[in-house]
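# A structural walkthrough
Each chain, written out:
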Amino acid sequence: MALTEEEREEFLAQPHIGALSVVESAERAPLNVPIWYQYTPGGNLWVRTGPESRKARAIRAAGRFSLMVQRVEPTIRYVSVEGPAEFSEDDHDLSVEMAVRYLAAEQAEEFLEFERTHLGEHTVITMRPEHWLSADMGSL
């Protein structure tokens, strides 16, 4: 059964690992990669990546992407969103926000240092969710 608007937004706001999908070319299936994301109910969803990463280049060309999150316990539940993308510059506060969303405090500090010294520049890609799909198989 489909989730209500409130249920799907609350579920998407939880720190799942997202599966980002974007069309790269007509000759291939969409690129589909795991990614950290941030979402606040009623707002936009955003991700961070290298400005010249494969996914960033594909999103720039397509102008949009989709993201799906799921869980399997205690019931199978998923939310998928799709919408237009906008690029903006990254800043340290967004790096910290994302790291502490997914990692314990001491791990976040280590990750931020690794990111700064090894991963280089990032860009923020924001999506305004236009289309939603959702279900909770436990409600059948």
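Description of the structure in this document. (Residues numbered from 1 in each chain as written. Predicted model: local features only at pLDDT ≥ 70, side-chain atom pairs only at ≥ 80, totals over all residues. Heavy atoms only, no water.)

So, on to the overall build of the protein chain. Along the protein chain, the regular secondary structure elements total 4 helices and 8 strands. A compact globule built from 140 residues would reach a C-alpha radius of gyration of about 14 Å, and the protein chain, at 16 Å, matches this within 12%. Of all 140 residues assigned to the protein chain, the portion counted as buried reaches 40%. Sequence-distant contacts in the protein chain: of pairs separated by 6 or more residues, those separated by 24 or more amount to 72%. Only carbon and sulfur atoms are counted for the fraction: they give 52% of the accessible area of the protein chain, which is about 8,100 Å². Taking the average location of the 13 positive side-chain charges in the protein chain and that of its 24 negative ones, the two points are 7 Å from each other. (Helix = DSSP H or I, 4+ residues; strand = E, 2+ residues; numbered from the N terminus. Rg over C-alpha atoms; globule rule 2.2 N^0.38 Å. Buried < 20%, exposed > 50% of the residue type's maximum accessible area, 1.4 Å probe, protein only. Contact = heavy atoms within 4.5 Å. Areas by Shrake-Rupley, 256 points an atom, 1.4 Å probe, with all protein chains shown as cover. Lys, Arg positive; Asp, Glu negative; His and termini not counted. Charge placed at Lys NZ, Arg CZ, Asp CG, Glu CD.)

A word on the packing of aromatic side chains. What characterises a pair of aromatic rings is the spacing of the ring centres plus the angle enclosed by the ring planes. Counted according to the given criterion, the structure contains 3 aromatic pairs. Measuring from centroid to centroid gives 5.2 Å for Trp36 and Phe111, while their planes differ by 50°, and the two rings are tilted. Here the residue Trp36 occupies a position in the loop between strand E2 (31-35) and strand E3 (38-39), and Phe111 occupies one in helix H4 (residues 105-119), the gap between them amounting to 75 residues. Look at Trp36 and you get partly exposed, because its relative accessible area is 24%. Taking 6.1 Å as the distance between ring centres and 70° as the angle between the ring planes, the aromatic pair formed by Tyr39 and Trp132 counts as edge-to-face. With a gap of 93 residues between them, Tyr39 in strand E3 and Trp132 in strand E8 (residues 131-136) connect regions that are remote in the sequence. Here the two residues Tyr39 and Trp132 agree in accessibility, since each one is buried. (Phe/Tyr/Trp six-rings, centres within 6.5 Å; stacked < 30°, edge-to-face > 60°.)

This next bit is on helix H1 (residues 5-13). Turning to H1, its buried residues are Arg8, Glu9, Phe11, Leu12 and Ala13. For H1, the elements touching its buried residues are E3, strand E4 (45-49), strand E5 (64-71), strand E6 (77-89), helix H3 (92-102) and E8.

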